[in-house]
Amino acid sequence: MSQRGRRAQNKFRFLMSVVSHGQAEMVNQLLADLLDVDRGKHGCLVVTDNTGNDAELIVPREFCDCIELVRNSVPKSFASNHNAAFAYCDTEWFAVLNPDIRLQGDVFSRLIAQAGPKDAVLAPALLDPRTGGIAPNRGLLTPWEILRRRLPGWRPADDPAWLPGAFLLIRAQAFREVGGFDERYFLYAEDFDLCARLRLAGWTLRYVPEVQVIHAAQRSSHVRWRYLLWHVQSLLRLWTSRAFWQYRALLRREARAAHRPR
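Residues numbered from 1 in each chain as written. Predicted model: local features only at pLDDT ≥ 70, side-chain atom pairs only at ≥ 80, totals over all residues. Heavy atoms only, no water.

Trainee: Tell me what's going on with the sheet that holds strand β3 (residues 67-71), and back it up with residues and numbers.
Mentor: As summarised here, the arrangement of the eight strands in space is β3-β2-β1-β4-β7-β6-β8-β5, forming an open sheet in which the pairing is mixed. The open sheet has two edge strands, β3 and β5 (101-102), and neither has a second partner. Where strand β1 (residues 14-20) meets strand β2 (residues 43-49), seven bridges bridge the pair, whose relative direction is parallel. By the bridge assignment, V19 is partnered in β2 with T48. Relative to the sheet, helix α7 (residues 190-200) contacts β6 (119-127), β7 (167-171) and β8 (204-215), its axis offset from that of β8 by approximately 150 degrees. (Pairing = 2+ DSSP bridges. Helix = DSSP H or I, 4+ residues; strand = E, 2+ residues; numbered from the N terminus. Contact = heavy atoms within 4.5 Å. Axes fitted to C-alpha atoms, helices over the stretch in contact; angles between N-to-C directions.)

Laid out in structure tokens, this is it:
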């Protein structure tokens, strides 16, 4: 980031990271939303062009003192791109936003107002514009859980075991402490892995359902074989990781303690 941008960033409370995979139209809509809700007063921004040649990306002039536009010569993973954006972070909070997020109102201030001292991640409810429904809470990410979601009578978890990476507001101290996203995940499961490692490090996750954002999820793994392959590879890596099994044990201990007679 330029010296001008770095000096300007010092007055901001959060750094936002958005990655475009040839999605200029969606990113431009999101940037317009960010101007409407914040106008560059509290948040700084890193936009990554993962294709390296998206000339249609339009950076609003209002962000000129606090924006970095990164163009990759070679496409990188979700984890690598957001970790690279975090290298610019000297703010209290680090926001990871998908291009297909749309904002209504100042969600950042409302989320931060709910933060406790041990909250590492804050996340709003994700509203599906096609159905008007809210994305259900995520339970422990197991093969059985993935299957059960598709069966009649499935009920989501009362409390989320992890928060999806479409919109995460992460405490920079916590993100730095656990080493950020695990870059061994190319696509999918890196959000679960991050949440698991943060919980294992003693931090907490906070879902704030009264704060909502619109999420027109792309679900590429449902329609493209390459994305499906990445999805399967990430899940296999997750289910053979130490963090997954340690987190599974932690959730079981917490469940037993919650049901123990007082």
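Trainee: I'd love a proper account of the packing of aromatic side chains, names of residues and values included.
Mentor: This model, assessed by the stated rule, comprises 12 aromatic pairs. Arranged with centres 5.4 Å apart and planes meeting at 75 degrees, the rings of F78 and F181 form a pair that is edge-to-face. Residue F78 is located in helix α3 (residues 78-86), and its partner F181 is located in the loop between α6 (172-177) and α7; the two are separated by 103 residues in the primary sequence. Side by side, F78 and F181 carry an identical accessibility label, which is buried. Here F244 and W245 contribute two aromatic rings whose centre-to-centre distance is 5.2 Å and whose plane-to-plane angle is 90 degrees, an arrangement assigned as edge-to-face. Its relative accessible area of 44% is what places W245 among the partly exposed residues. What links up through ring pairs into an aromatic cluster is the set F78, F86, F94, F175 and F181. Lying across the ring of W203, K118 places its NZ or CZ 4.4 Å from the centre. A cation sits over an aromatic face here: R138 above W162, 5.7 Å from the ring centre. (Phe/Tyr/Trp six-rings, centres within 6.5 Å; stacked < 30°, edge-to-face > 60°. Buried < 20%, exposed > 50% of the residue type's maximum accessible area, 1.4 Å probe, protein only. Lys NZ or Arg CZ within 6 Å of the ring centre and 35° of its normal.)

Trainee: Talk me through the packing of α7 against helix α9 (residues 242-259); I want residue IDs and the actual numbers.
Mentor: Close contact between α7 and α9 brings their axes to 9 Å; oriented N to C, the two are set at 60 degrees. Relative to α9, the element α7 lies oblique. Read as a crossing pair, α7 and α9 show a hand that is left-handed. Across the interface between the two elements, F192, D193, A196, R197, R199 and L200 of α7 pack against A243, F244, Q246, Y247, L250, L251 and E254 of α9. (Parallel < 35°, antiparallel > 145°, perpendicular 65-115°, else oblique. Left-handed = near helix turned anticlockwise from the far one by under 90°.)

Trainee: Break down the nonpolar core for me, citing the residues and quoting the values.
Mentor: Generally speaking, a soluble globular protein has its nonpolar side chains buried in company with each other. In terms of nonpolar packing, the biggest core is built from 78 residues, with L34, L103, F108 and F167 touching the most fellow members. When residues of this core are assigned to their parent elements, the largest contribution, seven residues, is made by helix α2 (residues 24-37). Sequence-distant contacts of L103, defined by excluding residues within four places in its chain, comprise L30, D33, L34, V37, F108, F167 and V213. (Core = buried A, V, L, I, M, F, W, Y, C linked by side-chain atoms within 4.5 Å.)

That's the geometry; what it means functionally is another story.
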